[in-house]
Amino acid sequence: MIRSVVRGTGAALPRRIMKNADFEGMVETSDEWIAQRTGIRQRHIAADDETTASLGEAAARAALANAGLTPDDIDLIVLATSTPNNTFPATAVEIQNRLGMHHGFAFDMQAVCSGFVYAVTTADLYIRGGLAKRVLVIGSETFSRILDWSDRSTCVLFGDGAGALVLEAGEGTGTIADRGVLAASLRSDGAHKDKLFVDGGPSTTGTVGHLRMEGREVFKHAVGMITDVIEATFSQAGITADDLDWFVPHQANKRIIDASAKKLGIAEQKVVVTVDLHGNTSAASVPLALSVAVADGRIKKGDLVLLEAMGGGFTWGAVLVRW
Ligand code: ACO
């Protein structure tokens, strides 16, 4: 059977780093509060000339170089983002053009922080359905543009960045010993739409709007939703937490990551954490964390890797990949 195998990873971060202490003169907060409640110590913030498209392009180029491929080898670009350069056309199309790619097709996916998990699942279906052989899956965000910088309960949590994977069609035997995407489980429930949202849009206010979040409410639901969808993915693949080599969760809050891993019985040393370095980069957080753990040699060929995310909507999901 056809499997969607990871061939390369890449990442890109804005030049400017903003430390927790840099907020101290802007809003009533402290490095200690932010670090204790979230695990975040710093985040990257895009300059005017750094956009979702430019960061996505840089991450895509890094992933292509890592894979030993060029844009000519790619059939499809799926970009997960909630902060597109424009309402339309899709920022994926802009990245396609920036890469000098004038064949194939490209589109955006919007599932907020779960966007990358949705995009990998979608790319896998295009590959297994025979519509594409090689797909660039990108998560790129500039959440700094939609933050209310006077709201201390949200502005300290988010950062900008991009990460990318190249997925390629490969032959598998149909067992979990195969390399590639092995199982996935996606969920959403719009009953929670007002707990984490942007208060503007083309069809309502005609403005871009700002991010609004009931942090405590999101927190309350996060661990249960994350662990449910992971358990569904484990039972689809017929594995347990002990079989995993790496857990690469969405990087929103270290306390949510720790509580989820504990509930699932995933050993602490198997959990990849980058929230301290990047903050919450929404759809970019999982591929950024993956890039870090691949580059430093933790994630290696043949490892069983679990990706997970939860975000606005609510949306949530998990993907199991053998590297
Ligand atoms: N600095 C200092 N104090 C603050 C700050 C700040 N930056 N922000 C809030 N506070 C205050 C609050 O006003 C509150 O004060 P009060 O008790 O006088 O009212 C107090 O700190 C406690 O606030 P809580 O909201 O209860 O703090 P909590 O421990 O829940 O932590 C946090 C807040 C970090 C936002 C947490 O709730 C959280 O991580 N929630 C989940 C967010 C998340 O995971 N989002 C993921 C999805 S993101 C996406 O999809 C785009």
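Chains are numbered independently. Their residues run from 1 in the order of the written sequence. Where local features are concerned, this predicted model is filtered to residues with pLDDT of at least 70; where side-chain atom pairs are given and counted, the filter is 80 or more; whole-chain, interface and lining totals use all residues. With hydrogens and water set aside, each side-chain value is computed from the structure's full complement of heavy atoms.

Caption draft 1: Broad picture of the overall build of the protein. What counts as a helix is a DSSP run of H or I of at least four residues, what counts as a strand is a run of E of at least two, and both are numbered from the N terminus. Looking only at helices and strands, the protein has nine helices and 13 strands in total. It is over C-alpha atoms that the radius of gyration is taken, and the globule rule equals 2.2 Å times the number of residues to the power 0.38. Its C-alpha radius of gyration of 18 Å places the protein within 12% of the 20 Å reference for a compact globule of 323 residues. Taken along the three principal axes of its C-alpha coordinates, the protein extends 55 × 45 × 40 Å. Only heavy atoms enter the contact rule, under which two residues are in contact if any of them lie within 4.5 Å. Here the contacts in the protein between residues at least 6 apart in sequence split such that 76% fall between residues at least 24 apart. Only carbon and sulfur atoms are counted for the fraction: they give 51% of the accessible area of the protein, which is about 13,200 Å². When charges are tallied, Lys and Arg are placed among the positive residues and Asp and Glu among the negative ones, while His and the ends of the chain are skipped. Each charge is placed at NZ for Lys, CZ for Arg, CG for Asp and CD for Glu. Each charge class in the protein was averaged separately, 31 positive and 38 negative side chains, and the resulting centres sit 3 Å apart. Under the convention used here, a 1.4 Å probe and the Shrake-Rupley method define accessible areas, while residue burial counts only the protein chains that appear.

Caption draft 2: Here's a closer look at the site of the ligand. Every one of the 27 residues lining the ligand counts as a neighbour, but T29, R37, C113, R216 and N253 are closest to it. Under the rule applied, a polar contact is a pair of N or O atoms within 3.5 Å (in protein, one hydrogen donor and one hydrogen acceptor; residues adjacent in sequence only if both atoms are side-chain atoms). Measuring from a nitrogen atom of the ligand, one finds a side-chain N or O atom of W33 at 3.4 Å. For the ligand, whose unbound accessible area comes to 1,000 Å², protein coverage reaches 77%. Of all elements in the fold, only α1 (31–38), α5 (152–155), α6 (215–237), α7 (254–264) and β12 (304–311) reach the threshold of two or more residues within the shell around the ligand. Think of it this way: one heavy atom of a residue within 4 Å of a molecule or strand is enough to make that residue near it.

Caption draft 3: Just the sheet that holds strand β5 (residues 105–109), in detail. For two strands to be treated as a pair, DSSP must find at least two bridges joining them. Strand order in the open sheet formed by five strands is β1-β7-β6-β4-β5, and the pairing between neighbours is mixed. The strands lining the two open edges of the sheet, one partner per strand, are β1 (2–12) and β5. Each strand axis lies, on average, 20° off the axis of its neighbour in the sheet, ignoring direction. Looking at chain direction, strand β4 (residues 76–80) and strand β6 (residues 134–142) are connected through five bridges and run parallel. When the sheet's bridge partners are listed, L79 is paired in β6 with I138. Comment: axis = line fitted to C-alpha atoms, over the contacting stretch for helices; angle = value between 0 and 180 degrees taken between N-to-C directions.

Caption draft 4: Region of the structure containing the pattern of salt bridges. Here, a salt bridge means any Lys or Arg side-chain nitrogen found within 4 Å of an Asp or Glu carboxyl oxygen. In total, this model carries 15 salt bridges according to the counting rule given. The closest approach of N and O atoms between E168 and R7, which form a salt bridge, is 2.7 Å. Placement of the pair is E168 in strand β7 (residues 160–171) and R7 in strand β1, with a sequence separation of 161 residues. For E168, a relative accessible area of 17% corresponds to the buried category. Between buried and exposed lies partly exposed: a residue is buried under 20% and exposed over 50% of the maximum accessible area for its type, with that area taken using a 1.4 Å probe on protein chains only.

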